[in-house]
Amino acid sequence: FLEEASILNYYQETNQRRNAFHIPFGPSPLMATVATRDIQQGEEYFTSYDFLYWVMDALDKKQNDTDDSFALGSTRMTVTETIGQCADAMDDALWESTQGVTDRYEKEMDEIYAVFNSIQEP
């Protein structure tokens, strides 16, 4: 089993190092990388897909609905309430960043949608 402590450590390290999110910016597949704090010249952008991103497919394919564990490769793990809370907190931070960009760049996003729509029209 993959221990809860390992997963929680992933969230802690990710939250300490993350300085950006990838968010939708206009129609799919356009994305923007948005800084969540000041990034120094020469510093690497660091973002995360969130631990649960990598295991959602495994959760969907879980064979035994009465068992809270699932296989991730050859490793079994359980999504505990604490892990779920960490995932929710990361999702909340992503949503906050997305909403801030949407509010700030609404006009530019509308212009991008208009260009995409004009390309798709016959």
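We now turn to the structure provided with this report. Residue positions within a chain follow its written sequence, with the count starting from 1. Local features in this predicted model are restricted to residues whose pLDDT is 70 or higher, and side-chain atom pairs enter the listing and the counts only when it is 80 or higher, whereas totals over whole chains, interfaces and linings include all residues. Here the side-chain values reflect all heavy atoms present in the structure, with hydrogen atoms and water set aside.

1. Considering the environment of Tyr113
Thinking step 1. What counts as a helix is a DSSP run of H or I of at least four residues, what counts as a strand is a run of E of at least two, and both are numbered from the N terminus. Counting through the fold element by element, Tyr113 comes out in helix α4 (residues 106-120).
Thinking step 2. Partly exposed residues are those whose accessible area sits between 20% and 50% of the maximum for their type, while under 20% is buried and over 50% is exposed, using a 1.4 Å probe and protein chains only. On the basis of relative accessibility, which here comes to 37%, the residue Tyr113 falls in the partly exposed class.
Thinking step 3. In this structure the C-alpha to C-alpha distance between Tyr113 and Ser28, which are 85 residues apart in sequence, comes to 9.8 Å.
Thinking step 4. In protein, a polar contact requires one atom able to donate a hydrogen and another able to accept it; more generally it is a pair of N or O atoms within 3.5 Å, and residues adjacent in sequence count only if both atoms are side-chain atoms. In terms of polar contacts, Tyr113 uses its side chain to reach the backbone carbonyl oxygen of Gly26, at 3.4 Å.

2. With respect to a negative patch on the surface
Thinking step 1. Among the surface-exposed residues, Asp103, Glu106, Glu108, Asp110 and Glu111 lie close enough to one another that they form a single negatively charged patch.
Thinking step 2. Sorting elements by how many residues they give to the negative patch places α4 first, with 4 residues.
Thinking step 3. If you trace the backbone, Asp110 turns up in helix α4. Residues enter patches when their relative accessible area tops 30% and they take part in no salt bridge; the joining distance is 9 Å for like charges and 5 Å for the nonpolar side chains Val, Leu, Ile, Met, Phe, Trp and Tyr. Residue exposure ignores everything except the shown protein chains as possible cover, and the areas themselves are Shrake-Rupley values with a 1.4 Å probe. A side-chain nitrogen of Lys or Arg and a carboxyl oxygen of Asp or Glu constitute a salt bridge if their distance falls within 4 Å. Asp and Glu are treated as the negative residues and Lys and Arg as the positive ones, with His and the ends of the chain left uncounted. For the purpose of locating charges, the reference atoms are NZ of Lys, CZ of Arg, CG of Asp and CD of Glu.

3. Let's talk about the pattern of salt bridges
Thinking step 1. Applying the stated rule across the entire model yields 1 salt bridge.
Thinking step 2. For Glu43, the salt bridge goes to Arg37, with nearest N and O atoms at 2.6 Å.
Thinking step 3. On the basis of relative accessible area, Glu43 is assigned to the partly exposed category, the value being 27%.

4. Observations regarding helix α3 (residues 81-104)
Thinking step 1. Between the first and last residue of a helix there are one fewer steps than residues, each counted as 1.5 Å, and that sum is the expected span. An ideal rise of 1.5 Å per residue puts 34 Å on 24 residues; α3 measures up with 34 Å between its terminal C-alpha atoms.
Thinking step 2. Of the positions making up α3, those classed as buried are Ile83, Gly84, Ala87, Met90, Ser97, Thr98 and Val101.

5. Considerations on the nonpolar core
Thinking step 1. Working definition of a nonpolar core: buried Ala, Val, Leu, Ile, Met, Phe, Trp, Tyr and Cys residues. They are joined through side-chain atoms within 4.5 Å. Phe21, Ile23, Phe25, Ala32, Val34, Val101 and Met109 form the largest nonpolar core, which has 7 residues in total.
Thinking step 2. Taken together, the elements giving at least two residues each to this core come down to β1 (20-24) and β2 (31-35).
Thinking step 3. Any two residues whose heavy atoms approach within 4.5 Å are treated as being in contact. Apart from residues no more than four positions distant in its own chain, Val34 is found in contact with Asn19, Ala20, Phe21, Ile23 and Val101.
Thinking step 4. Ranked by size, the runner-up nonpolar core spans 5 residues in total, among them Ile7, Tyr11, Ala87 and Met90.

6. As for the packing of α3 against α4
Thinking step 1. Fitted lines through C-alpha atoms serve as axes, helices being fitted only where they are in contact, and the angles separating the N-to-C directions of these axes extend from 0 to 180 degrees. Axis separation between α3 and α4 bottoms out at 5 Å; the angle between their running directions is 80°. Accordingly, the angle class assigned to the pair α3 and α4 is roughly perpendicular. In contact with Val101, Thr102, Asp103 and Arg104 of α3, α4 contributes Glu106, Glu108 and Met109.
Thinking step 2. Tallied by class, residues from the contact of α3 with α4 come to 2 nonpolar, 1 polar and 4 charged. What sets the label is the angle itself: under 35 degrees gives roughly parallel, over 145 gives roughly antiparallel, 65 to 115 gives roughly perpendicular, and the rest give oblique. Polar here means any residue other than Ala, Val, Leu, Ile, Met, Phe, Trp, Tyr, Cys and Pro, which are nonpolar, and Asp, Glu, Lys and Arg, which are charged; Gly is therefore polar.

7. What about the packing of aromatic side chains?
Thinking step 1. Working definition: rings of Phe, Tyr and Trp (its six-membered ring) pair if their centres are within 6.5 Å, and the pair is stacked with planes under 30 degrees apart, edge-to-face with planes over 60 apart, and tilted otherwise. Inspection of the entire model under this criterion finds 2 aromatic pairs.
Thinking step 2. Considering the side-chain rings of Tyr10 and Tyr11, the 5.6 Å spacing of their centres and the 75° angle between planes classify their relative orientation as edge-to-face.
Thinking step 3. Tyr11 gets classed as buried once you look at its relative accessible area, which sits at 1%.
Thinking step 4. By definition, being over a ring means that NZ of Lys or CZ of Arg is both within 6 Å of the ring centre and within 35 degrees of the ring normal. Just above the ring of Phe46 sits the side chain of Arg17; from NZ or CZ to the centre is 4.2 Å.

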